[in-house]
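# A closer look at the structure
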Amino acid sequence: MRLIRQGIDNEYLTGMAFILPWLAGFLIFVAYPIGCSVYLSLCVYDGMRPPEFIGLANYASIFRDRQFYKSLWNTLYIIFLGVPLSLVFSLALAMLLNQKRRGISAYRTLIYMPCLTPVVAMSVLWLWIFNPEHGLLNLFIMRFNDLLQSAGLGLLRLPVPGWMNDPLWAKPALIIMGLWCVGGTMLIFLASLQDVPRTLFEAADIDGANWWQKQRHVTLPMLSPVIFYNAVMGFIGGFQYFTQVYVMTDGSGNPNDSTLFYALSLFNNAFPHWRMGYASAQAWILFFITLGMTLVVFRISARRVYYHGA
Amino acid sequence: MTKANAISLTRSLAAHAVLLALSAAFALPFIWLVITSLKPPRQIFEFPPRWIPDPIQWSNYREAIQAFPFIDYTINTLFVTLSGTFATVASSALVAYGFAVVRWRWSNLFFLVMLSTIMLPGQVTAIPVFIIFKQLGWIGSYRPLVIPAFFANVFFVFLLMQFFRTIPRDLVDAARIDGCSHLDIFWRIMLRLSKPALAVVMFFSFTGGWNDFMGPLMYLNDDRMYTLSLGLQQFMAQHSAEWHLLMAGSTLMILPIVALFFFLQRTFIEGISLTGLKA
């Protein structure tokens, strides 16, 4: 008995020793900063002079700040338009790439490649593609319009947007850029498509289900946990959206604040403007927004997500 | 040819046509990147655009390398990225072993705490962490970019834990009975058997460091110390119309990652399907 006890106690120390890197990091870089951040959010603090306590005044002025609502709107826009679009697109790609054909792995690699591109390089490249007069995208649109014109379908001409120069089109431009790098999400869908038991499809075949019915009643339920996971990651990612806009707008969120996303607004308040108390309050509001959204998604998913074998 | 054969041939052709068209759409931005990077400046704004630069101007690359000190920035980036990768992988593997293999009281409690930190947006801790580094006098050095990597990355810990759990427990128990210490088991059994998972973690960590922009933006202020991400962004802020140089610089920044991916591809794909995760 004493031996066993000793064994457990030894294991306890060993376990603690192994997780020590995380535990120390947690205390220094998470727990202590959380306390600091709560306090700072109640202060005026410019990073030089000692913080001065002002109660909830930061929160009050955030809720009166037009830029706050603007950044919230921009972020929700890109989440509610961009996340569903990229989920549908990457799922469609995964289904298309889940065939046994010659050269399929080459196709998979090619479609995965964009998400390897360093974000700064990708943003520079797409800024050039979105160039209103000389960019590749508008060259294609103009060419397409010419073709329509000569076919006598001039009425169907597409708009030739100013993309990142136009407040109306800047966010759609970022969503298009996002669709180019759905490779990571696609790969997760592909892996889970390959895990769907064949017997389920065979059973559906016997019952006389057509292609669409099989996708709707077999594939989709089986993939629902992964779709749910990707949706949650997409929501969280929307609130972290930073580098692309910072590079493409030189940190300004222009034109006309149309690309001032939540993370960019927070960063700009904290660093160029040194309003660190205000930015800390923004960070806590962000925490409660993501917490609330995640809870809602979980609530919905409890009814909609099917966990096979769980 | 029978009717069934004809149908399957048509299907196969249609499938390849769709796949080819999609791949072309995905590859087009890369092609445009390389084309622009090889154009003489006056051909960049030509209308209609030229698909083959004339002459092919390789000197754009030489000019880009000189215009922003590309080689210095590459060395800086490699230093930050490689030391960060080594530190993260080593510390995350230790922590994953502590949670997944060692059995001890309260491990579940600590695990729950670790799990809950995922919900916390990075912005909440970023400002106090910045202040800590400022008080230590580390702003303007690489320390804020490298030192935190020694304290494990929660995401990588999960990934490695999942992998460690697939390794038969009997191996560990047998080694324990033979008097092997946990450190020995970690080093001689777990790490040896986890190469695909370690490759995935290394790759994610390397690309994460190579691509990191916000870290260098917050902590580096001397332009000789910039990394490639920050250097390229600053170069664009100053020379926004010189697309041939910007594209050459971007190409040079993308190439090492793509090369690494192809080099690791086999291990990488294996590791991804084993752990079911993404960047």
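Figured I'd write up the structure that's included with this text. (Residues numbered from 1 in each chain as written. Chains lettered and ligands numbered in written order. Predicted model: local features only at pLDDT ≥ 70, side-chain atom pairs only at ≥ 80, totals over all residues.)

## A short note on the overall build of chain A
- A count of helices and strands for chain A gives 13 helices and two strands.
- Expected size for 310 residues packed as a compact globule is a radius of gyration near 19 Å; at 25 Å, chain A overshoots this value by more than 25%.
- For the C-alpha atoms alone, the extent of chain A along its principal axes is close to 75 × 65 × 35 Å.
- Buried positions account for 36% of the 310 residues belonging to chain A.
- Contacts spanning at least 24 positions in sequence make up 68% of the contacts within chain A whose residues lie at least 6 apart. (Helix = DSSP H or I, 4+ residues; strand = E, 2+ residues; numbered from the N terminus. Rg over C-alpha atoms; globule rule 2.2 N^0.38 Å. Buried ≥ 20, exposed ≤ 12 C-beta atoms within 10 Å, placed from the backbone. Contact = placed C-beta atoms within 7 Å.)

## Notes on the overall build of chain B
- Counting its regular elements, chain B contains 13 helices and zero strands.
- Ordering the α and β elements of chain B from the N terminus gives α-α-α-α-α-α-α-α-α-α-α-α-α.
- Against the 2.2 N^0.38 benchmark of 19 Å for 279 residues, chain B shows a C-alpha radius of gyration of 24 Å, more extended than a compact globule.
- Its C-alpha atoms give chain B principal-axis dimensions of about 75 × 75 × 30 Å.
- Taken over 279 residues, chain B has a buried fraction of 41%.
- Considering only intrachain contacts with a sequence separation of at least 6, the fraction spanning at least 24 residues in chain B is 77%.

## What about helix α5 (residues 122-135) of chain B?
- For α5(B), spanning 14 residues, the distance from its first C-alpha to its last is 20 Å, which sits close to the expected 20 Å at 1.5 Å a residue.
- At the exit of α5(B) stands B:G137, carrying a positive phi of roughly 75 degrees. (Expected span 1.5 Å × (residues − 1).)

## A look at unusual backbone geometry
- Cis peptide bonds are those with omega within 30 degrees of zero, and the linkage from A:N254 to A:P255 qualifies with -5 degrees.
- Along the chain, A:P255 turns up in the loop between α11 (243-249) and α12 (262-270).
- With an omega dihedral of -5 degrees, the bond running from B:D54 to B:P55 counts as a cis peptide bond.
- Locating B:P55 in the fold gives a position in the loop between α1 (3-37) and α2 (59-67).
- A positive phi angle, close to 45 degrees, is found at A:W163, a residue other than glycine.
- Relative to the elements of secondary structure, A:W163 occurs in the loop between α6 (136-150) and α7 (170-180).
- For A:W163, a count of 24 C-beta atoms within 10 Å translates into the label buried.
- If you check the backbone angles, A:D257 has positive phi at about 60 degrees while not being a glycine.
- Counting through the fold element by element, A:D257 comes out in the loop between α11 and α12.

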